Amino acid sequence: MKKYIVLIMLVFAACACLAGCAPGDTSGGEVQVKYAVYCSLNDADTGTQMLSVEEAQKLARGVITDRGLGYTEYVAYGGFVDGDKINGNDTLVYTFFFIEKADAQAVAAEIKESLNLVSVLMEQIDSVYDFVS
């Protein structure tokens, strides 16, 4: 009889411990897709950075705000490997909430064209967010 009681207590203890492994409560926020667009500033024709960060920011911001979109902008420095050579360059990163994928792709394509870039990387991230008020 004591063995059964100890076994039941162990099962309850294990369940209590595993309950802490459940995902956290996200009722305060909702799942939203966030898009990040990475714009390496190497010119498509020369392979080197032709625009200053400030010039590129002005052009990219115009693309975004002309569409009536909000954004967060980061200036970064990145590198990529080309054979045995590492190439570095300034990079503009734009993040978008409350935007459709097609709009993010259109922004990325227009920035690519405006800045004469070979490509722009777009990342799609599922996020849980909440506003603090």
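Scroll up a little and you will see the structure.
The following paragraphs examine the structure supplied in this document. (Residues numbered from 1 in each chain as written. Predicted model: local features only at pLDDT ≥ 70, side-chain atom pairs only at ≥ 80, totals over all residues. Heavy atoms only, no water.)

## Some details on the side chain of Gln57
The condition is simple: Strands here mean DSSP runs of E at least two residues long; helices mean DSSP runs of H or I at least four residues long; both are numbered from the N terminus. We call two N or O atoms a polar contact when they sit within 3.5 Å, provided that within protein one can donate a hydrogen and the other can accept it, with sequence-adjacent residues counted only if both atoms are side-chain atoms.
Along the chain, Gln57 turns up in helix 2 (residues 53–66). Side-chain polar atoms of Gln57 contact the side chain of Glu73, separated by 2.9 Å.

## Overview of the pattern of salt bridges
As a reminder of what qualifies: Any carboxyl oxygen of Asp or Glu that lies within 4 Å of a side-chain nitrogen of Lys or Arg is treated as forming a salt bridge with it. Relative accessible area decides the class of each residue, using a 1.4 Å probe on protein chains only: under 20% of the type maximum gives buried, over 50% gives exposed, and in between gives partly exposed.
A complete count under the given rule lists two salt bridges for this structure. For Glu73, the salt bridge goes to Arg61, with nearest N and O atoms at 2.5 Å. Here Arg61 lies in helix 2 and Glu73 lies in strand 2 (residues 72–82), a separation of 12 residues in the sequence. The class for Arg61 is partly exposed, based on a relative accessible area of 33%.

## Description of a nonpolar patch on the surface
As a reminder, the rule being used: For patch detection, residues must exceed 30% relative accessible area and be free of salt bridges, and they are connected within 9 Å for like charges or within 5 Å for nonpolar side chains (Val, Leu, Ile, Met, Phe, Trp, Tyr). Accessible surface area values rest on a Shrake-Rupley calculation with a 1.4 Å probe, where residue burial reflects the displayed protein chains alone.
A grouping of Phe97, Phe98 and Phe131 is seen on the molecular surface, where their side chains present a nonpolar patch of about 350 Å² in accessible area. Here Phe97 shows up in the loop between strand 3 (85–96) and helix 3 (101–115).

## What about unusual backbone geometry?
Residue Phe98 is not a glycine yet carries a positive backbone phi of 55 degrees. As for its position among the elements, Phe98 is in the loop between strand 3 and helix 3. Phi angles above zero are rare outside glycine, and Asn116 is one such case at about 55 degrees.

## Thoughts on the nonpolar core
Counted only if it meets this: What we call a nonpolar core is a set of buried Ala, Val, Leu, Ile, Met, Phe, Trp, Tyr and Cys residues that are connected through their side-chain atoms within 4.5 Å. Note on definitions: a residue-residue contact is assigned when non-hydrogen atoms from the two residues lie within 4.5 Å.
Cys39, Ile64, Leu92, Tyr94, Phe96, Val107 and Ile111 are the most contacted members of the largest nonpolar core, which has 21 residues in total. Elements with a contribution of two residues or more to this core: strand 1 (30–40), helix 2, strand 3 and helix 3. Beyond its immediate sequence surroundings of up to four residues, Val107 is in contact with Val63, Ile64, Arg67, Leu69 and Phe96.

## Considering the side chain of Gln32
Its location among the elements puts Gln32 in strand 1. Contacts of Gln32, omitting those with residues within four sequence positions, involve Phe97, Phe98, Ile99, Ile125, Asp126, Ser127 and Tyr129.

## Structural notes on the packing of helix 2 against helix 3
We apply this condition: Lines fitted to C-alpha atoms define the axes here, with helix axes fitted over just the stretch in contact, and angles between the N-to-C directions of these axes take values from 0 to 180 degrees. Crossing handedness is defined as follows: a turn of the near helix away from the far one that is anticlockwise and smaller than a right angle gives a left-handed crossing, while the clockwise case is right-handed. Residues are grouped as follows: nonpolar covers Ala, Val, Leu, Ile, Met, Phe, Trp, Tyr, Cys and Pro; charged covers Asp, Glu, Lys and Arg; every other residue, Gly included, is treated as polar.
Contact geometry of helix 2 with helix 3 gives a least axis separation of 9 Å together with a crossing angle of 145 degrees. Crossing handedness for the pair helix 2 and helix 3: right-handed. On helix 3, the residues that touch Ala56, Leu59, Ala60, Val63 and Ile64 of helix 2 are Val107, Glu110, Ile111, Ser114 and Leu115. Here the contact of helix 2 with helix 3 is composed, by residue class, of eight nonpolar, one polar and one charged.

## Some details on the packing of aromatic side chains
Note the cut-off: For Phe, Tyr and Trp, rings pair up if their centres lie within 6.5 Å, where Trp contributes its six-membered ring, and each pair is then called stacked (planes under 30 degrees apart), edge-to-face (over 60) or tilted (otherwise).
By the definition in use, this model includes six aromatic pairs. Judged by centre distance (5.6 Å) and plane angle (85 degrees), the rings of Phe98 and Tyr129 are edge-to-face. One end of the pair, Phe98, is in the loop between strand 3 and helix 3; the other, Tyr129, is in strand 4 (residues 121–129), with 31 residues separating them in the sequence. On the accessibility criterion, Phe98 (52% relative accessible area) is exposed.

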